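The residues making up each chain are set out below.
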Amino acid sequence: MSDIIEFTVTGMTCNGCAGKVRGALENTDGVAGAEVDHATGIVSVRPDGSVPAGDLEFALDEAVESVGYTVASS
């Protein structure tokens, strides 16, 4: 089992925003699941172990940006 990846996303204001981010992350290769809290901006991603960590972190940044939000920290 792989370690959880946590980071902060800025710009989310409602559950709809969180749903967009969660959907984008869960459609990313190497992701088994994601939890998104729009109030705090904290995102937790559970990798499935099929993608190297460095490649996955880059893909997660791109997934978040593809739906209009920004990764603030990881």
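For every chain, the first residue of the written sequence is number 1, and numbering continues from 1 onward in sequence order. Given that the model is predicted, a residue must reach a pLDDT of at least 70 before its local features are reported, and side-chain atom pairs must reach 80 or more before they are shown or counted; all residues, however, enter totals for whole chains, interfaces and linings. The side-chain quantities take in all heavy atoms of the structure and omit both hydrogens and water.

### Considering the nonpolar core
- If you look at the biggest cluster of nonpolar residues, it comprises 20 residues, and the most contacted ones within it are Phe7, Leu25, Val45, Leu60 and Val64.
- Strands are runs of DSSP state E lasting at least 2 residues, helices are runs of H or I lasting at least 4, and numbering of each runs from the N terminus. Every element with two or more residues in this core is listed here: β1 (5-10), α1 (15-26), β2 (31-36), β3 (42-47) and α2 (53-66).
- Those residues in contact with valine 64 that lie beyond four places of it in its chain are Phe7, Val9, Val21, Leu25, Tyr69, Thr70 and Val71. Put simply, buried Ala, Val, Leu, Ile, Met, Phe, Trp, Tyr and Cys residues joined by side-chain atoms within 4.5 Å make one nonpolar core. Residue exposure (1.4 Å probe, protein chains only): buried if accessible area is under 20% of the type maximum, exposed if over 50%, otherwise partly exposed. Only heavy atoms enter the contact rule, under which two residues are in contact if any of them lie within 4.5 Å.

### Observations regarding the pairing of β2
- A pair of strands is labelled paired if DSSP reports no fewer than 2 bridges between them. Relative to β3, β2 runs antiparallel, the two sharing five bridges. If you follow valine 31 over to β3, its bridge partner there is proline 47.
- The antiparallel hairpin formed by β2 and β3 contains five residues in its connecting segment, where glycine 41 sits at a positive phi of about 80 degrees.

### Details of the side chain of serine 44
- Mapped onto the fold, serine 44 is located in strand β3.
- Polar contacts, as used here, are pairs of N or O atoms within 3.5 Å; protein pairs need one atom able to donate a hydrogen and one able to accept it. Residues neighboring in sequence count only if both atoms are side-chain atoms. Looking at serine 44, its side chain comes within polar contact range of the side chain of glutamate 6, at 3.3 Å.

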